[in-house]
Structure formats: C-alpha cells, structure tokens
Amino acid sequence: MSATDTPRTEVRCGFCLTLNRIDMTRAGDRPKCGKCDRPILLDRPVKVEADDFQATVLGSEVPVLVDFYADWCGPCRMLAPHLDQVAAQGVGELLVVKLDSDRAPGLSQEYQIRGLPTVLLFHQGKEISRVVGMDPAGIAGLGAQARAAASAGEGVA
Ligand SMILES: [Zn+2]
C-alpha cells in the first residue's frame, strides 16, 4: 500500500456494523456511515473485533493504538480515560481501537498478550511499540510516538 496525501482507514460503524472507508484528513468533520448515515466518532476509541483486525488495524494508513482489554479488568477501566485523551488529541492523525481480548484469543496469542491492559502501536501493518499495564505516562508517550509516525508518513520535514 503506497502512502497517499489522504490517509485512509476502515472503521466499522458502531450502529449498523458496516465497514466504512474513512478519509482521515476529514476525520474531524464527523464523517457519517455510508449505509445508515449515523456519525462515525473518531475522537474516542473505536471497538474492533478479530474479523476487523486486518482491515482496521493492519490495513490502516494512519498509526493505530490497539487496546487489548477485558470487561472484568479493573486497570483497563482506569486506563480508558487516558486512551480517550489520545484519541481526542489525535483525530485525523491516528486511530485508537479497543479489542476485547476474551473475544480474540487468536490475536492475543499471536501478539503475545500476557497481561491486561496491553496497548500496541501499529504503523503500516507492523507493531512498532507497546505499553503493558496501567501506565498513563506510557500511553501518552505512545500517542506522541503515533503522531510522530503519522507526520513522518506524510513525507513532511
Ligand atoms: Zn452505519
């Protein structure tokens, strides 16, 4: 996949579950689902399933933070506001997604998730960094790294 001036990523509509291809340069304009016309909100973490991982995470043309979490995990809930902040600050530059690790055992094994929460940063289909545990400073750093990777990807000095 070649870099373009308009990085795109595929995100599932939270209402009708249709996969939408989003122009990330317009992510701040509240893009709407092509099928049900409801908003796709990218200023907060987006839920993904194992089936979406290829398109939404590996196929994304912007860096993606993937929060491996579980509903029963207290530290995951404590970390959530910090991920919300990274998503809100990085609209158009990066994507933050949440993956319920109980529903994605294959991916948890593939990426060697040994504790929750674990947040992986992907860029151009590869893991480039990860933060394990309830580590707000680590998450802020991951967000900064994602934004740096995004601007490097644009080929702008
Ligand atoms: Zn929809």
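Refer to the structure printed above.
Colleague: Where do I start with the overall build of the chain in this structure?
Modeller: When helices and strands are tallied, the chain shows four helices and seven strands. Listed by position from the N terminus, the elements making up the chain come as β-β-β-α-β-α-β-α-β-β-α. Its C-alpha atoms give the chain a radius of gyration of 14 Å, near enough to 15 Å, the size a compact globule of 157 residues would have. Across its three principal directions, the C-alpha atoms of the chain cover 40 × 35 × 25 Å. For the chain, with 157 residues in total, the buried portion stands at 37%. For the chain, the proportion of contacts with a sequence separation of at least 24, taken over those separated by at least 6, is 62%.

Colleague: So what exactly am I meant to see when it comes to the nonpolar core here?
Modeller: In globular proteins that are soluble, nonpolar side chains generally tend to be buried together. In terms of nonpolar packing, the biggest core is built from 37 residues, with Val-64, Leu-65, Val-66, Leu-94, Leu-95, Val-96 and Val-97 touching the most fellow members. Broken down by secondary-structure element, the contributors of at least two residues to this core are strand 3 (46-48), helix 1 (53-58), strand 4 (64-69), helix 2 (74-89), strand 5 (95-100), strand 6 (118-123) and helix 4 (136-153). Dropping the residues within four chain positions of it, Val-97 is found in contact with Pro-45, Val-46, Val-48, Thr-56, Val-57, Val-64, Val-66 and Asp-67.

Colleague: Would you take a moment to explain helix 2 for this structure?
Modeller: What sets the pattern is the α-helix's 3.6 residues per turn: residues three or four places apart point alike. Spanning 16 residues, helix 2 covers 24 Å between terminal C-alpha atoms, matching the ideal 22 Å at 1.5 Å per step. Of all bends in helix 2, the biggest is about 35°, found at Ala-80, and the proline Pro-81 comes one to four residues later. When we look at burial in helix 2, the residues that qualify are Cys-76, Leu-79, His-82, Leu-83, Val-86 and Ala-87.

Colleague: Any chance you could explain the sheet that holds strand 3 here in plain terms?
Modeller: Working definition: the strands of a sheet are paired by backbone hydrogen bonds and lie parallel or antiparallel to each other. Overall, mixed pairing links the five strands, which are arranged 3-5-4-6-7 in an open sheet. With one partner strand each, in any of the chains shown, strand 3 and strand 7 (126-132) form the two edges of the open sheet. Each adjacent strand pair in this sheet contributes to an overall mean axis angle of 30°, direction not counted. The pairing of strand 4 with strand 6 spans five bridges and is antiparallel. Across the sheet, Leu-65 pairs through a bridge with Leu-121, a residue of strand 6. Contacting strand 4 and strand 5, helix 2 crosses the sheet at an angle of about 165° to strand 4.

Colleague: Just checking my understanding: could you explain unusual backbone geometry for this structure?
Modeller: Pro-117 follows Leu-116 through a cis peptide bond whose omega is -5°. By secondary structure assignment, the location of Pro-117 is in the loop between helix 3 (105-110) and strand 6. With a phi angle near 55°, Arg-30 is a residue other than glycine that sits in the positive phi range. Within the secondary structure, Arg-30 is located in the loop between strand 2 (19-23) and strand 3. One non-glycine residue, Gln-124, lies in the positive phi region at around 55°. Relative to the elements of secondary structure, Gln-124 occurs in the loop between strand 6 and strand 7.

Colleague: Sorry, what's going on with the pairing of strand 1 (residues 8-12) here?
Modeller: Moving residue by residue along a regular strand, the side chains alternate between the two faces of the sheet. Pairing of strand 1 with strand 2, which is carried by five bridges, proceeds in the antiparallel orientation. In the sheet register, Glu-10 faces strand 2, and the bridge partner there is Arg-21. Taken together, strand 1 and the strand that follows it, strand 2, pair antiparallel across an intervening segment of six residues, in which Leu-17 is found at a positive phi of about 70°.

Cut-offs and rules
Residues numbered from 1 in each chain as written. Predicted model: local features only at pLDDT ≥ 70, side-chain atom pairs only at ≥ 80, totals over all residues. Helix = DSSP H or I, 4+ residues; strand = E, 2+ residues; numbered from the N terminus. Rg over C-alpha atoms; globule rule 2.2 N^0.38 Å. Buried ≥ 20, exposed ≤ 12 C-beta atoms within 10 Å, placed from the backbone. Contact = placed C-beta atoms within 7 Å. Core = buried A, V, L, I, M, F, W, Y, C linked by C-beta atoms within 7 Å. Expected span 1.5 Å × (residues − 1). Bend = angle between axes of the 7 residues up to and from the residue. Pairing = 2+ DSSP bridges. Axes fitted to C-alpha atoms, helices over the stretch in contact; angles between N-to-C directions.

Taken by themselves, the reported measurements are silent on function.
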